[in-house]
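As a plain string of letters, each chain reads:
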Amino acid sequence: MESALIEHEAVAAAAIDLPDETAAEVVKAYVVLNPGHVPSEALERDIRGLARKKLGPSVAPREVVFRKTLSETRSGKIMRRLLKARELGLPEGDISTLESDET
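Residues numbered from 1 in each chain as written. Predicted model: local features only at pLDDT ≥ 70, side-chain atom pairs only at ≥ 80, totals over all residues. Heavy atoms only, no water.

## Focus on the pairing of strand S3 (residues 63–67)
Looking along a regular strand, one sees side chains alternate from face to face of the sheet.
Phase 1: Relative to S3, strand S2 (residues 24–33) runs parallel, the two being bridged by five bridges. Across the sheet, alanine 29 pairs through a bridge with valine 64, a residue of S3.
Phase 2: A crossover connection joins S2 to the parallel S3 through helix H2 (residues 41–55); in handedness this β-α-β unit is right-handed. (Pairing = 2+ DSSP bridges. Helix = DSSP H or I, 4+ residues; strand = E, 2+ residues; numbered from the N terminus. Right-handed = clockwise from strand over helix to strand, strands pointing away.)

Put into structure tokens, the structure is as follows:
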């Protein structure tokens, strides 16, 4: 998913899967934009359209959320489990390696 999203010139992204009653799981994309790009509905549609084209409509993100930063460890790895825990209201667990965060 991420490799398809970052093919868009505006995007650095992370994606998480969420439980869904009808589809079992859906994808929600958290997107950080490259300099010179601003969040908009048109840009969200464009990003989702690219994902549909590359991956198919059943795998494309249902929602795109623009963020200034993503939760990252000191080594620069995106903490997807933290994104998912926050989305679902679950315990965050150990965040001692958290370097940057936007809640």
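## Here we look at the pattern of salt bridges
Phase 1: A complete count under the given rule lists six salt bridges for this structure.
Phase 2: Here glutamate 44 makes a salt bridge to arginine 48, at a shortest N to O gap of 4.0 Å. Here the residue glutamate 44 and the residue arginine 48 both occupy positions in helix H2, the gap between them amounting to four residues, near one helical turn.
Phase 3: Arginine 86 is the partner of glutamate 92 in a salt bridge, and the nearest nitrogen-oxygen pair spans 2.9 Å.
Phase 4: Among the residues examined, arginine 86 registers a relative accessible area of 28% and is labelled partly exposed. (Salt bridge = Lys/Arg side-chain N within 4 Å of Asp/Glu carboxyl O. Buried < 20%, exposed > 50% of the residue type's maximum accessible area, 1.4 Å probe, protein only.)

## Some words on helix H3 (residues 80–88)
Phase 1: Looking only at H3, the buried set comprises Leu82, Leu83 and Ala85. All buried residues of H3 project into a common sector of 165 degrees when viewed along the axis, lining one side.
Phase 2: Immediately beyond the C-terminal end of H3, within one or two residues, lies glycine 89, with a positive phi of roughly 70 degrees. (Arc of directions from axis to C-beta.)

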